[in-house]
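Letter by letter, the chains look like this.
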Amino acid sequence: MVNRRFDIVAIIVFVIWLGVDLTSRTVFGPVAWPDCVVDYRIMYDASSQLIETDTYPAGYPYPPPGVAAHAATTVLPFPIAATFWLVATGVVTLACYFTLARMLGLLHRPGTLILLPIAHTAAAYYFQWEFRSLNCNVFVLTAVLFGASALTRGRDARAGFWFAAAVALKFLPILLLPYLLWVRRPRSFGWAVAWSAVFWIGVPLLAFDPEGFRSVYSGWYGELTRATDAGQIHHHPILISLSKAAAYAMGEGTHAAQAMVLSVCAAWVLVGLAGAVRCRREDATHDAGVLTDVSLLILGPAAVSPYLEAYHVVAACVPAAVLAVFAATPGNTPRMRMAAGLALALAAVLATVKSAWVFRGLMVNIQLLVLCATAVLVNWPLRRHSTTTITSDPLAVPLRSAA
């Protein structure tokens, strides 16, 4: 009973924390509501324009099915639509953490829900940017987590739907689709392809007339190309890309700057290869393993993208939660528990370091590499530990044992 009360207190504190971050710069900030909501204002106006003219606004790289989803809210006046988006952002954030708690076994282990706000310390900065801008990254993340949960439970159609929906909202999680084949889940992949056809062909045909279908996709390709052009990194005020950090640290266009970028990219490739081997050696039914896989597939491409902004990596909460649970599980080996705890603590410290804005892309890459690499390490299959169960019994037997 005491542990359950502790859980209730932890969740109340966590919800208040999220609520303050969600409203402090929007509802109660220095700029009056709803004029303060920059990103959603852009999404509202741009999607409305695209629906009416079949012409992509400059600097608007969202995919056509995502635009159709944004445009669905434009039937409401902007103040009402912005309020709806604010509330929806809060709801899906709670759904995101609820899904993490369920997949990692926290809901059935009294006294462990405190691990959610502990994990959030490594990702709070990114969520704060998401909340103050009201973008749609947390919607994408929640769709990915719903898909991951369905995948581990053998619900192929549902997994395919949610992964396809995530890619339709933003193109960044595209690696999730070939991942389904890599982990030998062809039925999930087939459903993902089928739902992708619905989202990428059927929805745009309904949202835009058939005559505008081709021009819409042509316009999107042009905007996507411009948005990922590394040569434009200095012209966007809130970009924190690795390329931008290297240019300022080593000099724009220098070999040293190129070497810095290539070194970090090489580190991501090595972690990605390790993750590919890890998931190939284990079936996609282990919750912590699948969470490690999907976070790596999202965070790696986002971290090295020339269009990196802080809210693009809200998925940092996923490997952070995996490490928090692993470190708190007595059945795991002490050495690996210590590694998980130290990695999470380092990531939380890096998240609070007030580095110069132009160097922040490098700090973000280091933090995410620490989280993802350690998550891959502690979830390596055939090791004598479990990352899915937390127990108060120090003599508990791990669920997974070496073959």
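Keep in mind that what you see is a predicted model, and the values were worked out from it rather than measured. (Residues numbered from 1 in each chain as written. Predicted model: local features only at pLDDT ≥ 70, side-chain atom pairs only at ≥ 80, totals over all residues. Heavy atoms only, no water.)

(A) Just the packing of aromatic side chains, in detail. What the rule picks out here adds up to 23 aromatic pairs. Between Phe 161 and Trp 195, the aromatic rings sit 4.9 Å apart at their centres with planes inclined by 80°, giving edge-to-face as the arrangement. Of this pair, Phe 161 sits in helix H8 (residues 156-169) while Trp 195 sits in helix H10 (residues 186-207), and the two are 34 residues apart along the sequence. Classification of Phe 161 as partly exposed rests on a relative accessible area of 25%. A relative accessible area of 27% means that Trp 195 is categorised as partly exposed. Considering the side-chain rings of Phe 213 and Tyr 217, the 4.9 Å spacing of their centres and the 50° angle between planes classify their relative orientation as tilted. Taken as a pair, Phe 213 and Tyr 217 lie in helix H11 (residues 210-227) at a separation of four residues, close to a single helical turn. The class for Tyr 217 is buried, based on a relative accessible area of 19%. Chaining the aromatic ring pairs together yields one cluster made of Phe 14, Trp 17, Tyr 97, Phe 127 and Phe 131. Positioned above the aromatic ring of Trp 129 is the side chain of Arg 132, whose terminal nitrogen or guanidinium carbon lies 4.7 Å from the ring centre. Seen from the ring of Trp 182, Arg 280 lies directly overhead, with NZ or CZ sitting 4.7 Å from the centre. (Phe/Tyr/Trp six-rings, centres within 6.5 Å; stacked < 30°, edge-to-face > 60°. Helix = DSSP H or I, 4+ residues; strand = E, 2+ residues; numbered from the N terminus. Buried < 20%, exposed > 50% of the residue type's maximum accessible area, 1.4 Å probe, protein only. Lys NZ or Arg CZ within 6 Å of the ring centre and 35° of its normal.)

(B) Structural context of unusual backbone geometry. With an omega of 0°, the peptide bond running from Trp 33 to Pro 34 counts as cis. Here Pro 34 shows up in the loop between helix H1 (2-23) and helix H2 (38-53). Although it is not a glycine, Leu 134 adopts a positive phi angle of roughly 55°. When its relative accessible area of 0% is taken as the criterion, Leu 134 is described as buried. Positioned with a positive phi, Arg 184 is a non-glycine residue whose angle comes to about 65°. Tracing the chain through its elements places Arg 184 in the loop between helix H9 (176-182) and H10. A residue is classified by how much of its surface remains accessible, and Arg 184, at 48% relative accessible area, is partly exposed.

(C) Layout of the environment of Leu 224. Position of Leu 224 relative to the elements: it lies in helix H11. Relative accessible area serves as the criterion here: at 24%, Leu 224 is assigned to the partly exposed category.

(D) Highlighting the packing of helix H15 (residues 317-327) against helix H16 (residues 334-352). Packing of H15 against H16 brings their axes to within 8 Å, and their N-to-C directions diverge by 140°. It follows from the interaxial angle that H15 and H16 lie oblique. Both H15 and H16 take part in a crossing whose hand is left-handed. Where H15 approaches H16, its residues Ala 320, Leu 323, Ala 324, Phe 326 and Ala 327 are matched on the opposing element by Met 336, Arg 337, Ala 340, Gly 341, Ala 343 and Leu 344. Broken down by class, the residue content of the contact of H15 with H16 amounts to nine nonpolar, one polar and one charged. (Axes fitted to C-alpha atoms, helices over the stretch in contact; angles between N-to-C directions. Parallel < 35°, antiparallel > 145°, perpendicular 65-115°, else oblique. Left-handed = near helix turned anticlockwise from the far one by under 90°. Contact = heavy atoms within 4.5 Å. Nonpolar A, V, L, I, M, F, W, Y, C, P; charged D, E, K, R; others polar.)

(E) Molecular detail of the pattern of salt bridges. Summed over all chains, the structure comprises seven salt bridges. Glu 282 is the salt-bridge partner of Arg 278, the closest N and O atoms lying 2.5 Å from each other. Take Arg 278 and Glu 282: they sit in the same class, and that class is buried. One salt-bridge network, in which partners are shared between bridges, spans Asp 156, Arg 185 and Arg 187. (Salt bridge = Lys/Arg side-chain N within 4 Å of Asp/Glu carboxyl O.)

That is the geometry; function is a separate question.
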